[in-house]
Amino acid sequence: MTTIDLLQTHEERKVLRWGGLAGVLGGVLLVVVFVIVGAFVGTFAGPDAEVAAYPDVRVARTFENGLYLLVLVLWVAHFIALYRALRKTSPAPALYGAGMGIISMVVLAAGALPHVVTAPISDLYHAPGATPEEQAGLVVAWQAAQGVIDALLIVGLVIAPIGLVLLGVAMARTPAFGRVLGRVTLGLGVAGAAAAVVALAIPDSPVAAVGIFALIAFQLVVGRRTFRLPTRELDG
């Protein structure tokens, strides 16, 4: 093996390890995001209560949103690594699956920082001299902004399961991953797709959360395998 080949093999190994680590780390961080929401933000009775209480949770919301964006960036790295790992045995499912995964992360990232929009609305709502009529209008603006964020979330959760299904097909054809992991990924993709259908019909349904948990499980389980995957198995 030439020096160039050794360097290429070393770099390919780093791609897999960094990508797998990024997937696992992103999954763990998203769990941390949920803990932050539960411990420091909580739930609100409606948009009026949420706008009124926003100054008390502003720091937690900002930190939560920043972590969420970091999670999505890390998951993009894992999808890229998966394409590298699967392209030799299943080029088409690997390409389109990783592509769908990356697109879904981009869409989700577009709505990852809602505080950029909602914080100024809250400032106007709590400004001295704001009348009840003005505050009512600002609550409507808050709802409109949140509606755009929710739409981006649903679109991302509709696209992501397609990527999981395709990657599951590619994994089932790749000995380094195996049929079991491929079928698990397929199952997660199907569960996410079913949740996405419900979310399309009933946007406020809590079933949409199934798609998020499917992504977390996928990144944790498959990310660990990607991190530990020897490059020689892919080239053999």
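Residues numbered from 1 in each chain as written. Predicted model: local features only at pLDDT ≥ 70, side-chain atom pairs only at ≥ 80, totals over all residues. Heavy atoms only, no water.

At a minimum axis distance of 11 Å, the contact between helix α2 (residues 47–86) and helix α7 (residues 209–228) shows a crossing angle of 50 degrees. The angle between the axes of α2 and α7 places the two elements in the oblique class. Considering the relative orientation of α2 and α7, their crossing is left-handed. Packed against α2, whose contacting residues are Trp75, His78, Phe79, Ala81 and Leu82, the element α7 presents Leu215, Ile216, Phe218, Gln219, Val222, Gly223 and Thr226 at the interface. The class makeup of the residues in the contact of α2 with α7 is 8 nonpolar, 4 polar and no charged. (Axes fitted to C-alpha atoms, helices over the stretch in contact; angles between N-to-C directions. Helix = DSSP H or I, 4+ residues; strand = E, 2+ residues; numbered from the N terminus. Parallel < 35°, antiparallel > 145°, perpendicular 65-115°, else oblique. Left-handed = near helix turned anticlockwise from the far one by under 90°. Contact = heavy atoms within 4.5 Å. Nonpolar A, V, L, I, M, F, W, Y, C, P; charged D, E, K, R; others polar.)

What follows covers a nonpolar patch on the surface. There is a patch of nonpolar side chains on the surface, built from Val28, Val32, Leu220 and Val221 and spanning about 270 Å² of accessible area. Those elements giving two or more residues to the nonpolar patch turn out to be α1 (3–41) and α7. Among the structural elements, valine 32 can be located in helix α1. (Patch = residues over 30% accessible without salt bridge, like charges linked within 9 Å, V, L, I, M, F, W, Y side chains within 5 Å. Areas by Shrake-Rupley, 256 points an atom, 1.4 Å probe, with all protein chains shown as cover. Salt bridge = Lys/Arg side-chain N within 4 Å of Asp/Glu carboxyl O.)

For the rest of this paragraph, the subject is the packing of aromatic side chains. Under the defined criterion, the tally for this structure stands at 3 aromatic pairs. With 5.4 Å between their ring centres and 75 degrees between their planes, tyrosine 54 and tryptophan 142 make a pair best called edge-to-face. With a gap of 88 residues between them, tyrosine 54 in helix α2 and tryptophan 142 in helix α5 (residues 132–172) connect regions that are remote in the sequence. In terms of burial, tyrosine 54 and tryptophan 142 fall into one category: buried. (Phe/Tyr/Trp six-rings, centres within 6.5 Å; stacked < 30°, edge-to-face > 60°. Buried < 20%, exposed > 50% of the residue type's maximum accessible area, 1.4 Å probe, protein only.)

This next bit is on the environment of valine 197. Along the chain, valine 197 falls in helix α6 (residues 178–201). Classification of valine 197 as exposed rests on a relative accessible area of 55%. Counting along the chain gives 40 residues from valine 197 to leucine 157, while the straight-line C-alpha distance between them is 9.7 Å.

This next bit is on the packing of α6 against α7. Two numbers describe how α6 lies on α7: the axes approach to 8 Å, and their chain directions differ by 165 degrees. In terms of axis orientation, α6 runs roughly antiparallel to α7. In terms of crossing hand, the pair formed by α6 and α7 is left-handed. Where α6 abuts α7, its residues Leu181, Thr185, Leu188, Ala191, Gly192 and Ala195 lie against Val210, Gly211, Ala214, Ala217, Phe218, Val221, Val222 and Arg225. A breakdown of the residues in the contact of α6 with α7 according to their chemical character gives 10 nonpolar, 3 polar and 1 charged.

The subject of this paragraph is the confidence of the model for the protein chain. Atom-level detail of predicted coordinates should not be read off regions where pLDDT is low. In the predicted model, the protein chain carries a mean pLDDT of 90, and 93% of its residues have values of at least 70. Summarising per-element confidence for the protein chain, the mean pLDDT is lowest in helix α8 (residues 231–235) (47) and highest in helix α3 (residues 91–110) (96). Low pLDDT (under 50) marks residues 1–8, which in the prediction has 2 contacts with non-local residues, meaning those over four places away or in another chain. (pLDDT = per-residue confidence, 0-100.)

With that out of the way, let us pick up the side chain of serine 104. As for its position among the elements, serine 104 is in helix α3. In contact with serine 104, other than residues within four places in its own chain, are Gly156, Ile159 and Ala160.

This next bit is on the nonpolar core. Ranked by internal contacts, the top residues of the largest apolar core, which has 38 residues, are Trp75, Met171, Phe177 and Phe218. Looking at this core, the elements that each hand over two or more residues are α1, α2, α3, α5, α6 and α7. Element by element, the count of residues in this core is highest for α2, at 11 residues. Apart from residues no more than four positions distant in its own chain, phenylalanine 218 is found in contact with Phe79, Leu82, Leu164, Leu167, Met171, Thr185, Leu188 and Gly223. With 9 residues, the next largest nonpolar core counts Val51, Ala119, Val139 and Trp142 among its residues. (Core = buried A, V, L, I, M, F, W, Y, C linked by side-chain atoms within 4.5 Å.)

A few words now on the pattern of salt bridges. Taken as a whole, this structure holds 4 salt bridges when the rule is applied. For glutamate 12, the salt bridge goes to arginine 84, with nearest N and O atoms at 2.8 Å. In this pair, glutamate 12 is assigned in helix α1 and arginine 84 in helix α2, connecting sequence segments 72 residues apart. Judged by its relative accessible area of 8%, arginine 84 falls in the buried class. The salt bridge involving aspartate 123 is made with arginine 58; its shortest N-O contact spans 2.9 Å. In this pair, aspartate 123 sits in helix α4 (residues 115–125) while arginine 58 sits in helix α2, placing the two residues 65 residues apart along the sequence. Salt bridges here are not isolated pairs; linked through shared partners, they connect Glu50, Arg61 and Glu64.

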